[in-house]
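# Residue-level structural notes
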Amino acid sequence: MGTPFPGGRDLDRNFQQGERVGVLTAEPLGRVLDYLAPEGGCGTGDFVEVPLGPRRVPGVVWGRGEGGFDAARLRAVERVLDLPPMRAELRAFLQRAADYTMTPLPAMLRLATRAPGLGDAPAARRVFRLAGPAPNRLTDARARVVEALRAWGGSAVTLAELCEAAGVGASVVKGLAGMGVLVEEDAPRDLPWPPLDFTAPGRLAGDQIAAGDQLAVAVAADSYSATLLKGVTGSGKTEVYLEAVAECLRAGRQALVLLPEIALTADFLARVEARFGARPGEWHSGVTRTERRRLWRMAGEGGVGLVVGARSALFLPYQRLGLIVVDEEHDTSYKQEEGALYNARDMAVLRASIAGCPVVLASATPSLESWANVEAGKYHRIDLGSRFGTAELPEMRAIDMRGEKLSPNRFVSEPLVAAIRRRIPAGEQSLLFLNRRGYAPVTLCRACGHQVGCDQCDARMVEHRSQNRLVCHQCGATKPIPVVCPACGVAGKMAPVGPGVERLAEEVTTLFPEARVTILASDLFGSARALKAEIEQIAAGGADIIIGTQIVAKGHNFPLLTLVGVIDADLGLQGTDLRAAERTFQLMRQVAGRAGRAERSGVALLQTFQPDHPVIRAILGGDEEAFWRAEARERQAAGVPPFGRMAGIILSGPDLAPLFDFGNDLARRDEPLRRIGAQVFGPAPAPISRVRGRHRVRLLVKAANTAALQAALTEWAAAVRCPKGVRMAIDIDPQSFL
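Before going further, it helps to spend a moment on helix α10 (residues 344-355). The terminal C-alpha atoms of α10 lie 16 Å apart, and with 12 residues this matches the ideal 16 Å at 1.5 Å per residue to within 8%. Burial of α10 is extensive: 10 of the 12 residues sit out of reach of the surface. Burial in α10 covers these residues: A344, R345, M347, A348, V349, L350, R351, A352, I354 and A355. Against the buried residues of α10 lie α1 (88-101), β12 (254-258), β15 (321-327), β16 (358-363) and α11 (368-375). Positive phi appears at G356, one or two residues downstream of α10, with a value of about 70 degrees.

Overall, antiparallel pairing links the four strands, which are arranged β30-β31-β29-β32 in an open sheet. The outermost strands of the open sheet, each flanked by one partner alone, are β30 (679-691) and β32 (727-732). Taken over all neighbouring pairs, the strand axes of this sheet differ in orientation by 20 degrees on average, direction set aside. Pairing between β30 and strand β31 (residues 694-703): seven bridges, direction antiparallel. Across the sheet, the residue bridging to Q679 is K702, located in β31. Here helix α18 (residues 656-668) sits on the sheet and contacts β29 (645-653), β30, β31 and β32; the angle it forms with β31, its principal contact strand, is near 15 degrees. Where helix α20 (residues 709-718) meets the sheet, it contacts β29, β31 and β32, and its direction lies at approximately 25 degrees from that of β29.

Attention shifts here to the side chain of D331. Topologically, D331 is positioned in the loop between β15 and α10. Judged by relative accessible area, which is 11%, D331 ranks as buried. Not counting residues up to four positions away in its chain, the partners in contact with D331 are P260 and K554.

The next point concerns helix α16 (residues 614-621). Restricting attention to buried positions, one finds in α16 the residues V615, I616, A618 and I619. Taken down its axis, α16 places every buried residue within 160 degrees of arc, on the same side. Away from its buried face, by an angle of more than 90 degrees, α16 presents the exposed residues P614 and G621. Downstream of α16 by one or two residues, G622 has phi in the positive range, about 80 degrees.

Attention shifts here to the pattern of salt bridges. Inspection of the entire model under this criterion finds 46 salt bridges. For E147, the salt bridge identified is with R150, shortest N-O distance 3.0 Å. Remark: R150 and E147 occur in helix α3 (residues 140-151); sequence separation between them is three residues, near one turn of the helix. By relative accessible area, E147 is classed as partly exposed at 45%. Note on R150: relative accessible area 45%, which makes it partly exposed. Connected via shared salt-bridge partners are D670, E671, R674, R675 and E715.

About the cut-offs
- Residues numbered from 1 in each chain as written.
- Predicted model: local features only at pLDDT ≥ 70, side-chain atom pairs only at ≥ 80, totals over all residues.
- Heavy atoms only, no water.
- Helix = DSSP H or I, 4+ residues; strand = E, 2+ residues; numbered from the N terminus.
- Expected span 1.5 Å × (residues − 1).
- Buried < 20%, exposed > 50% of the residue type's maximum accessible area, 1.4 Å probe, protein only.
- Contact = heavy atoms within 4.5 Å.
- Pairing = 2+ DSSP bridges.
- Axes fitted to C-alpha atoms, helices over the stretch in contact; angles between N-to-C directions.
- Arc of directions from axis to C-beta.
- Salt bridge = Lys/Arg side-chain N within 4 Å of Asp/Glu carboxyl O.

As far as function goes, none of this settles anything; it's purely spatial.
In structure tokens:
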């Protein structure tokens, strides 16, 4: 069976000049607008430019006009853009995604057209690239230009992009061109990517071979299927699903691999290049505007075979999509929490079902949703139970902190210190994991007990000693670290409380003055390229002790790393999040999985005050299926996801009282929800009750899996009007309850 939507333009829906057509724009109008077809006509799916007030905006012909507006007052489409029409498959996906997430359709179209200059005519552009090896002695500014070009893998870039990335003026770049270090040349826009060599054999062994064959068969079938690829950390899941990518390319179709973190792309791109002899297309925030435009166009024209990207790559206009892979499918980064609220994992399954292609969800610690879909027979499952080659899974042990006698402001136990000390002379690396950015999470006055908070948010400010500032992790506001208490006026009593990764690094440097210590935290790097460079340096042995937040748990491969120490294994068990146990289990297993991925065996030590907690016991015991079954029983008994449905209602505004008044009015008018058996909880203050100066109140709707939740929510919300200054957001399948 081929794709259900093989064509782009619907041939029976062509519109002649002057006919009424419906055009969807990305403007926040909430509906399709009527226009008249231009000279030469247009067709459904065509990208067009239309007048909107005094402006001209891009849009897509969505079908025949509705006809409820006087034709004499309609304006004509200005022009049809020189782009392949948006395929019926993508239009159907955007409509279904909008309906499911209750997102206005124009906002969904905005996700699918996020590339600059789409309406520009094809033309040459002036670009710069490295001419060859750079001189050893360059000024700092010139060296930054060279490093920026190297970070882009030798791609040619425009003058504006190069200046912005390197933080230099045009004269610096021109000077390097004059020296012969750079070549300045004209290059055509939007060239296709070099073809990938799908004939090169993969490096599979053991149970990888059968797994790769299964996925290749699914791709060859050219029809929808969903497969959970579950493999222990280091089992070679990437090489297995690259077999499916090879089969997809062999069939002349396009493949998409989603990654949860930009920092993972460097290692993955290297693997793709080693396997297929060329680099794939990249789509994420670290890619230049020029390359985003090029990839958007080439995806639609079939000029790129494999795309690797962040969640928004799901909305590219692929000409013939043949495979979607969601790597680390359990990762919460796949949920977009602002603007259009969607989960890219779930939307990947939706797009694959509409496109008629397989989707592979890969993880060592899958989400309970995917596990439950396997149990229900909706997904296939492939297991990789052992690590690739001679590598073995790390030994996992708990350090009972109740028996440790640590002095104040010490956070690393003696057993963990001893384990690190043994590894430094052996040339092995140690990783200390603490999921807290900054130096200390609280700044406290020891005279009056005042804790310094953000002026705009209901949140404590975090000390970042590297910046010598307090930082709000909700809105990004900063202020100097106070010497005098802002509450009681006493000087000299302000003190940091609790550890962050910077404070942990300070302790480790004192304990091991001879060691090379590095911190991996997203806020310490000015760009994705800088973070990737640091990860590559660590993998090459450039550090003895790595201290990191959850970014270190996301699929990195450090061959010399043999010890993982979790500083606070209890941290994620606090609070009322229904997924707290699941996320703690996943995070601990993923972090521990960084150890012993090469020839040397690994050990993971978990510092905990609750060694008998069921989740800690499950982490140490390694019986993952028992954990999932127990977690599933609890969720099923409570009727919560994945055995029930939820929607979060977030009200925000400058004043608190109107939010509660409006929330109570919503709760009283719950008849549409009661008809489907749903319950409404709240209103209640959000756990973080003020962000960026706006108060926040939440309601929660809970329903059975079979309930028509979106239709009931639409009717419910339509019965009320938001008061002035109040915003209402509806989050289907919420992942965060803050």
